[in-house]
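# Reading the structure
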Amino acid sequence: LFGTIGANGIVKRLNVTNAKFASSPTKSKNVGVIATYNEGTITECSVTDSNIASIEEGFPGLICSITYSKIINCYTQNNTITLQRGANAGGIAGSGYGHIINCYTRRNTYTTPSKSYAGGIMGTSSGSKINIQNCYVYHNKTNITRWGAVIGALQNNVTINSFYRNKGELYGVE
C-alpha cells in the first residue's frame, strides 16, 4: 500500500484482508502488504486471508518488506506466502533491523520450490541490531527447510525477549 514510510511517518490501525500482492521483475523485488520500506512506525496493523508472492530474489514480508525502525502490536493470520528464486520472507518483515514488539503470526503458509529462507517473524536479519520482544509464532505451515520460528537466516546481532513458538528452531541458519 505504501512504498516508503518516512522517519516521522506513522501508519496506525490499518487492517488488510483478502489482498493479493506480488513482486515485479521490472520494478521491485521487495514486496510488503502495508509498506515496502519502513523508516517510521507501523502500529496496530494486520494482514489476514491474503496472498503474497515473490517472483524473484527479494524480501517479501506480510507487514513490510524491509524495516529500519519499529513495528508494534501487529499481526498476520491465514496468509499464503509463495517464494521463488531464493527470496527471504517473514510473517512480519522480510528483512531489516530495529524493533518488532508485541507482534504475532498464526496459521500462515510458506511455500517454495527453490532454496529460500523464511521466518515466522523475519526472513533474514540485516544492518544493525534487531530487537524482537514479546512476540509469538503459532501454527505456521511450511515446506521450507531453511525455516526459523523467529528468523530464517540470522546474519547479525539479534535480541529476543519473551518469545513463544509452538514448534521449530528459533533460527533457520546462523
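Further up the page is the structure itself.
This write-up is about the structure you can find in this document. Note that the structure is a prediction, hence the values are computed from the model and not measured.

### A look at unusual backbone geometry
One non-glycine residue, Asp49, lies in positive phi territory at about 50°. By secondary structure assignment, the location of Asp49 is in the loop between β7 (46-48) and β8 (51-54). We note that Asn78 has phi near 60°; this positive angle belongs to a residue other than glycine. On the secondary structure map, Asn78 appears in the loop between β11 (75-77) and β12 (80-83).

### A closer look at the pairing of strand β9 (residues 64-67)
Where strand β5 (residues 35-38) meets β9, 3 bridges bridge the pair, whose relative direction is parallel. Bridge pairing links Asn38 to Thr67 in β9. Pairing of β9 with strand β14 (residues 93-101) involves 3 bridges; the strand directions are parallel. Along β14, the bridge assignment pairs Thr67 with Gly96.

### Some details on the pattern of salt bridges
For the coordinates displayed, the defined rule picks out 1 salt bridge. The salt bridge involving Arg13 is made with Glu44; its shortest N-O contact spans 2.9 Å. One end of the pair, Arg13, is in the loop between β2 (10-12) and β3 (15-17); the other, Glu44, is in the loop between β6 (41-43) and β7, with 31 residues separating them in the sequence. Given the relative accessible area of 56%, Arg13 is considered exposed.

### Quick word on the sheet that holds strand β4 (residues 20-22)
One open sheet holds the 5 strands; their spatial order is β4-β8-β12-β16-β20, and the pairing between them is parallel. Strands at the two margins of the open sheet, each flanked by one partner only, are β4 and β20 (141-142). With 3 bridges connecting them, β12 and strand β16 (residues 109-111) associate as parallel partners. Bridging across to β16, Thr82 finds its partner in Thr111.

Cut-off values and rules
- Residues numbered from 1 in each chain as written.
- Predicted model: local features only at pLDDT ≥ 70, side-chain atom pairs only at ≥ 80, totals over all residues.
- Heavy atoms only, no water.
- Helix = DSSP H or I, 4+ residues; strand = E, 2+ residues; numbered from the N terminus.
- Pairing = 2+ DSSP bridges.
- Salt bridge = Lys/Arg side-chain N within 4 Å of Asp/Glu carboxyl O.
- Buried < 20%, exposed > 50% of the residue type's maximum accessible area, 1.4 Å probe, protein only.

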